[in-house]
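Coordinates in review
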Amino acid sequence: MRHRIGGWKLGRKTEHRRALLRNLVTSLLLEERVETTVTKAKAMRPHVEKMITLGKRGDVHARRQAGAFLQTREAVERLFETVAPRFGDRNGGYLRIVRTGVRKGDGGDKAYIELLGSEKFIAAKRKKSADARAKRTEATRKQLEAADKSAAGEDKDKK
């Protein structure tokens, strides 16, 4: 029986597991959505919820505690300025885990873990990357046209 056994070991030693969860939590706060395995998503959920609760407190001690766990200063700033204020009136349940299927190599269950209300941010990020992609494509097309024109001009000179 599994009585009083909390958490997941994830097949790693303590230091490796702690580093993995810290990295996942930091990435989630910065990116709003992370794709990982279902077990890792379930293991990181309590850590993310604790960070958001610290962010809702908003005092200096909470900021220092979050800074001790998160990997980057940007993640701490984003937590306290953007993420936590969104959940000001909500008591827990800040995350959604959406199963996406199995991994091709080993058949591991994959899932997205995302912050609630992140649809706007993800859509804006998608639009920004699509605009950048279109701009790069247009620049490449212009370069190819210029190269074709210069090649056509050289062919006329040879004849």
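Refer to the structure above for everything that follows.
Structural notes, computed from the coordinates. (Residues numbered from 1 in each chain as written. Predicted model: local features only at pLDDT ≥ 70, side-chain atom pairs only at ≥ 80, totals over all residues. Heavy atoms only, no water.)

A word on the pattern of salt bridges
- One pass over the structure, following the stated rule, counts nine salt bridges.
- Close ionic contact of arginine 86 with glutamate 32 constitutes a salt bridge, the shortest N to O distance being 3.0 Å. Linking arginine 86 in helix α4 (residues 73-86) with glutamate 32 in the loop between α1 (14-31) and β1 (33-37), this pair joins segments that are 54 residues apart in sequence.
- Exposure remark for arginine 86: the relative accessible area of 26% places this residue in the partly exposed category.
- Given the relative accessible area of 2%, glutamate 32 is considered buried.
- The residue lysine 127 makes a salt bridge to aspartate 131 at a minimum N-O spacing of 3.3 Å. Of this pair, lysine 127 and aspartate 131 both sit in helix α5 (residues 119-158), separated by four residues, roughly a single helical turn.
- What makes aspartate 131 partly exposed here is its relative accessible area of 42%.
- One network of salt bridges, with partners in common, ties together Glu32, Arg78 and Arg86. (Salt bridge = Lys/Arg side-chain N within 4 Å of Asp/Glu carboxyl O. Helix = DSSP H or I, 4+ residues; strand = E, 2+ residues; numbered from the N terminus. Buried < 20%, exposed > 50% of the residue type's maximum accessible area, 1.4 Å probe, protein only.)

Remarks on the packing of helix α3 (residues 60-69) against α4
- Contact geometry of α3 with α4 gives a least axis separation of 9 Å together with a crossing angle of 140°. Considering the angle they form, α3 stands oblique to α4. For the pair α3 and α4, the crossing hand works out as right-handed. Within the contact between the two elements, α3 uses Ala62, Arg63, Ala66 and Gly67 and α4 uses Val76, Leu79 and Phe80.
- Its residues assigned to classes, the contact of α3 with α4 shows five nonpolar, one polar and one charged. (Axes fitted to C-alpha atoms, helices over the stretch in contact; angles between N-to-C directions. Parallel < 35°, antiparallel > 145°, perpendicular 65-115°, else oblique. Left-handed = near helix turned anticlockwise from the far one by under 90°. Contact = heavy atoms within 4.5 Å. Nonpolar A, V, L, I, M, F, W, Y, C, P; charged D, E, K, R; others polar.)

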